[in-house]
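# Breakdown of the fold
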Amino acid sequence: TASSDGSCPAPDVAPEAETDGCDQVFPPDGSCTVKCKEGYEGVPQTYHCYAEGENMVGSPPNCTATTTTASSDGSCPAPDVAPEAETDGCDQVFPPDGSCTVKCKEGYEGVPQTYHCYAEGENMVGSPPNCTATTTTASSDGS
């Protein structure tokens with residue numbers, strides 16, 4: 001499948017990527033770019049044409065979808081919380097007046113805090129609870 005004009009064939013790329021200027025690239029120092037398609041993000045990568053009719057050499061870009069799965073239904077993504085806290089009812093919270101609670105996990109104490117979902121796909125707004133460990137290092141049996 002070598003091209004008759006001496007150029008390198010355009011590289012095969014993943015469905016979420018596309019080539020840019022990869023037709024009619026000639027050795028030994030020809031190159032082109034492989035970038036992520038619209039709706040995906042990632043660092044564009046350069047492919048090189050080193051020898052006549054050979055496949056171009058390069059690493060594909062790591063393309064990730066720019067849309068989050070959380071916002072596809074219009075809900076706010078659940079808030080990121082500290083390891084000692086947990087969310088309660090924070091999945092499928094919808095704007096403009098949806099809310100959920102972030103509370104301290106078992107073994108910790110603190111005042112639960114409410115997070116609010118004001119806009120579609122936006123992060124929820126709230127302050128994390130101040131969780132402190134309820135267990136102390138001292139022995140509780142009096143010995």
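Before reading further, recall that the structure is shown in the block above.
The structure reproduced in this document is the subject of the present report.

Attention now moves to the sheet that holds strand 4 (residues 45-49). Spatial strand order, 1-2-4: three strands in an open sheet with antiparallel pairing. Since the sheet does not close on itself, it has two edges, and those belong to strand 1 (17-20) and strand 4, each with one partner. Neighbour-to-neighbour, the strand axes of the sheet open up by a mean angle of 30°, direction not taken into account. In terms of strand pairing, strand 2 (residues 30-36) meets strand 4 through five bridges, oriented antiparallel. Across the sheet, residue Ser31 finds its bridge partner in strand 4, namely His48.

An order of 6-7-9 is seen for the three strands of this open sheet, with the pairing classed as antiparallel. Looking at strand neighbours, the two that pair on one side only are strand 6 (85-88) and strand 9 (113-117), the edges of this open sheet. This sheet shows a mean twist of 30° between the axes of neighbouring strands, independent of strand direction. As judged from the four bridges shared by strand 6 and strand 7 (residues 98-104), these two strands associate in the antiparallel manner. Across the sheet, residue Glu86 finds its bridge partner in strand 7, namely Lys103.

What counts and how
Residues numbered from 1 in each chain as written. Predicted model: local features only at pLDDT ≥ 70, side-chain atom pairs only at ≥ 80, totals over all residues. Heavy atoms only, no water. Pairing = 2+ DSSP bridges. Helix = DSSP H or I, 4+ residues; strand = E, 2+ residues; numbered from the N terminus. Axes fitted to C-alpha atoms, helices over the stretch in contact; angles between N-to-C directions.

Read these as layout, nothing more, since geometry by itself doesn't imply function.
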